[in-house]
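Report on the structure
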Amino acid sequence: MAVKDAETAAGLGCEAIVVSAHGGRNLDCLPAPAECIQAIADAVSGRLTVLADSGVRRGTDVLKYLALGAEAVLLGRLPLWGLAAGGEAGAEAVLRMVITEMDTAMAFLGAERVTELKASLR
Ligand SMILES: Cc1cc2nc3c(=O)[nH]c(=O)nc-3n(C[C@H](O)[C@H](O)[C@H](O)COP(=O)(O)O)c2cc1C
């Protein structure tokens with residue numbers, strides 16, 4: 001969650017980091033990843049692959065993290081809730097819902113690629 005820690009990871013030769021609040025479960029007064037991703041990506045992109053997670057519940061949440069500089073976004077509890085509700089089909093339905101929401105939001109934004117979201121944000 002800190003630029004300093006990302007710099008340390010790059011210095012140690014890591015290939016990637018996850019900007020994560022651990023789902024907000026450990027220390028509830030932490031900033032949200034959305035408040036940290038951009039500064040971290042600006043500092044280490046090109047040296048580290050920057051992934052992000054925590055609190056992603058909709059396709060638009062994925063797009064926000066990508067637009068802020070994450071190269072990929074991880075889902076924790078969301079597909080697990082689908083799994084709990086409907087087994088494998090439930091997990092698959094949740095993942096399809098996220099992809100559909102991403103497609104719809106990108107169409108409304110007039111973006112064909114997520115890289116366009118980054119360019120328009122900066
Ligand atoms: C029940 C539970 C246990 C977790 N345990 C760990 C853990 O031991 N170590 C860790 O790095 N993250 C842990 N996480 C955080 C996840 O790796 C992940 O960052 C988080 O679930 C993403 O947020 P989301 O569930 O809102 O998508 C845990 C999350 C949950 C829900």
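Below is a short write-up of the structure. (Residues numbered from 1 in each chain as written. Predicted model: local features only at pLDDT ≥ 70, side-chain atom pairs only at ≥ 80, totals over all residues. Heavy atoms only, no water.)

1. A closer look at the packing of helix 1 (residues 3-11) against helix 2 (residues 37-44)
It is at 9 Å that the axes of helix 1 and helix 2 come closest, and there the two elements cross at 30°. Here helix 1 lies roughly parallel to helix 2, going by the angle between them. In the crossing of helix 1 with helix 2, the sense of the turn from one axis to the other is right-handed. Here V3, A6 and E7 of helix 1 come into contact with helix 2, specifically with A39, I40, A43 and V44. Looking at the contact of helix 1 with helix 2 residue by residue, the class counts come to six nonpolar, no polar and one charged. (Axes fitted to C-alpha atoms, helices over the stretch in contact; angles between N-to-C directions. Helix = DSSP H or I, 4+ residues; strand = E, 2+ residues; numbered from the N terminus. Parallel < 35°, antiparallel > 145°, perpendicular 65-115°, else oblique. Left-handed = near helix turned anticlockwise from the far one by under 90°. Contact = heavy atoms within 4.5 Å. Nonpolar A, V, L, I, M, F, W, Y, C, P; charged D, E, K, R; others polar.)

2. Notes on the pairing of strand 2 (residues 49-52)
Across four bridges, strand 1 (residues 16-19) lies against strand 2 in parallel orientation. Across the sheet, the residue bridging to A16 is T49, located in strand 2. With helix 2 bridging strand 1 and the parallel strand 2, this β-α-β connection has right-handed handedness. Across two bridges, the pairing between strand 2 and strand 3 (residues 72-73) is parallel. (Pairing = 2+ DSSP bridges. Right-handed = clockwise from strand over helix to strand, strands pointing away.)

3. Brief notes about the site of the ligand
Looking at the ligand, the residues that line it are S20, H22, G23, R25, D53, S54, G55, R57, G76 and R77. Between G55 and the ligand, the recorded distance is 2.9 Å, taken from a backbone N or O atom to an oxygen atom. Here R57 contributes a side-chain N or O atom positioned 3.0 Å from an oxygen atom of the ligand. Here the ligand, which alone exposes 600 Å², has 57% of that area covered by the protein. Of the residues assigned to the shell around the ligand, the class counts are no nonpolar, six polar and four charged. (Near = heavy atom within 4 Å. Polar contact = N/O pair within 3.5 Å; in protein donor to acceptor, adjacent residues only side chain to side chain. Areas by Shrake-Rupley, 256 points an atom, 1.4 Å probe, with all protein chains shown as cover.)

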